[in-house]
Every structure is written in structure tokens, then in C-alpha cells.
Amino acid sequence: MRSRNSINTLTLTIIGLSAIALTACSSGSDSKKDAKASEAKTEQKAASSSEENVSTEFKNARKKAESYEKTVHLSKEGLKNQLISFDKFPEDAAEYAVTSSNIDWNEQALKKAESYEDTVHLSKAKLAEQLVTFEKFTQEEADYAVKNIKVDFKKQALEKAKNYQETLALSGEALKTQLIDFENFTEEEVNYAVENLK
């Protein structure tokens, strides 16, 4: 009987300790949630106070960057150069503007690519090259633009062929060579252009 009482006492002790441990874990979890919430509030306050500590020149550089985002569609490097060279912001203000303005560089590359559609008439390869070499977008941004642009490249080849005919008066074969070897249109795009050239 005594050993049975000892077992019951031991069982009750284990159950009691388990309950205490569960309660401690539960309150620890709540305190972790409270700590995370407090940390988020602190970060939010730091962000708003750090924005308050930004100089007027830095804020103006950012405003200028955001206005270019809507109209000119520059790459990150192009925007920074624009802010420094033409708008005469110091380099650190331009860097702040470029990094803090949350600009989607892929979308900027796409919009810049679209701006070429009606004037320059580039092949996919030349469009990507233009975006990287002259506009200073990254290769990934240029690839995104070329992949997502809604352009009929056969019609672009046709417009480019018309430009060549007006200025150089090329033979059909010379025109094909020019469009394939120098403009990097595909053979299918070039054939469409030559067949539809009037």
C-alpha cells in the first residue's frame, strides 16, 4: 500500500511539474511575441525619425529621382548620373535618392524599351544591347524588358527595312544581310520585312 501511495505521489508530482513547465513555456512564447511587437514598433519609430533626420538636399534628390521614374525611365546608374551631372546633387545625396526611392528597375527597363518602339525599330538582341550598353541597365533588367515588351518584332524589322530603303536604296539581298548581320533580326522577321516592303 505504501508503494502505491509513493507511486501516486510521484505521479502527481510529475503532473504538477509538467503543468508548471507548460505554463512557463506558454508565457515564454507570449513574451517572445511581445518582444517582436515591441521590436517592430522600435524599427518603425527609427525609420520615421531617420527620415526626419535626412537633410533637405537628400529629400530633394529623392523627389527628383521619383519624378524621373515617372517620365524618363532611367537605369539605376543612369539616374544617379543624371542627379549628379545635370541636377548637381552631391554624390551621397544621389546615392540616397537612388537607394531609398523603391524604384522597380525591371519596370524602368521595360518602359525605356517601349519608348524605342515607335522611333528606333530594334530587334530583340539590339534592344537588349541598347538597354545595357547605352542606358546602363543590368543584363537581367534588359532581359526582363525584352521578354515582357509587347512588340511585334516582324513589324519592327519591316520599319527598319523601310528606313534602309529610304536612305541607302539596298538590293533585296543586301537588305537581308543588313537586317540579319547588323541589326540582329531573325530570318523569319527579315523575310516578313522583305516580303511586305513596298
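Residues numbered from 1 in each chain as written. Predicted model: local features only at pLDDT ≥ 70, side-chain atom pairs only at ≥ 80, totals over all residues. Heavy atoms only, no water.

Caption draft 1: Fine view of the side chain of Lys-160. Of note, Lys-160 is situated in helix α8 (residues 153–168). For the buried Lys-160, no salt bridge exists, and the shortest N-O distance to an oppositely charged side chain is 4.1 Å, to Glu-183. With residues near it in sequence (within four places) discarded, Lys-160 still touches Val-120, His-121, Leu-179, Glu-183 and Phe-185. (Helix = DSSP H or I, 4+ residues; strand = E, 2+ residues; numbered from the N terminus. Buried < 20%, exposed > 50% of the residue type's maximum accessible area, 1.4 Å probe, protein only. Lys, Arg positive; Asp, Glu negative; His and termini not counted. Salt bridge = Lys/Arg side-chain N within 4 Å of Asp/Glu carboxyl O. Contact = heavy atoms within 4.5 Å.)

Caption draft 2: Layout of α8. Taking 1.5 Å of rise per residue, the 16 residues of α8 would be expected to cover 22 Å, and the 22 Å separating its terminal C-alpha atoms lies within 8% of that figure. What α8 keeps buried is the set Phe-153, Gln-156, Ala-157, Leu-158, Lys-160, Ala-161 and Tyr-164. Where α8 is buried, its residues meet α6 (124–133), α9 (172–182) and α10 (187–196). Two or three places before Lys-154, at the start of α8, stands the capping residue Asp-152, its side-chain oxygen 3.0 Å from that residue's backbone nitrogen. Phi turns positive, to about 45°, at Ala-169, one or two residues after α8. (Expected span 1.5 Å × (residues − 1). Polar contact = N/O pair within 3.5 Å; in protein donor to acceptor, adjacent residues only side chain to side chain.)

Caption draft 3: Quick look at α10. Here α10 has its buried residues at Glu-189, Val-190 and Ala-193. The buried side chains of α10 occupy one side of the element, clustering within an arc of 95° when seen end-on. Away from its buried face by more than 90 degrees, α10 exposes Glu-187, Glu-188 and Glu-195. Buried residues along α10 sit against α8 and α9. (Arc of directions from axis to C-beta.)

Caption draft 4: Expanded view of the pattern of salt bridges. One pass over the structure, following the stated rule, counts six salt bridges. A salt bridge links Lys-80 to Glu-91, with the shortest nitrogen-to-oxygen separation between them at 3.8 Å. Of this pair, Lys-80 sits in helix α3 (residues 76–85) while Glu-91 is found in helix α4 (residues 91–100), placing the two residues eleven residues apart along the sequence. What makes Glu-91 exposed here is its relative accessible area of 54%.

Caption draft 5: Quick look at the packing of aromatic side chains. All told, the structure shown has one aromatic pair when counted by the stated rule. Ring centres 5.4 Å apart and planes at 40° place the aromatic pair Phe-58 and Tyr-96 in the tilted group. Within this pair, whereas Phe-58 is found in helix α2 (residues 56–71), its partner Tyr-96 is found in helix α4, the two being separated by 38 residues in sequence. (Phe/Tyr/Trp six-rings, centres within 6.5 Å; stacked < 30°, edge-to-face > 60°.)

Caption draft 6: Quick peek at the packing of α8 against α9. Taken N-terminus to C-terminus, the directions of α8 and α9 make an angle of 125°; their axes are 11 Å apart at the nearest point. Taken together, the axis directions place α8 and α9 in an arrangement best described as oblique. Relative to α9, α8 is oriented so that their crossing is right-handed. The segment α8 lies against α9, with Ala-157, Lys-160, Ala-161, Tyr-164 and Gln-165 engaging Leu-175, Gln-178 and Leu-179. (Axes fitted to C-alpha atoms, helices over the stretch in contact; angles between N-to-C directions. Parallel < 35°, antiparallel > 145°, perpendicular 65-115°, else oblique. Left-handed = near helix turned anticlockwise from the far one by under 90°.)

Caption draft 7: Up close: the confidence of the model for the protein chain. Per-residue confidence for the protein chain gives a mean pLDDT of 82; residues scoring 70 or more make up 74%. Here residues 2–29 is a poorly scored stretch, pLDDT under 50, and it has zero contacts once near neighbours within four places are set aside; other chains count. Contacts from residues 40–49, a stretch scored under 50 in pLDDT, to residues over four places away or in other chains number zero contacts. (pLDDT = per-residue confidence, 0-100.)

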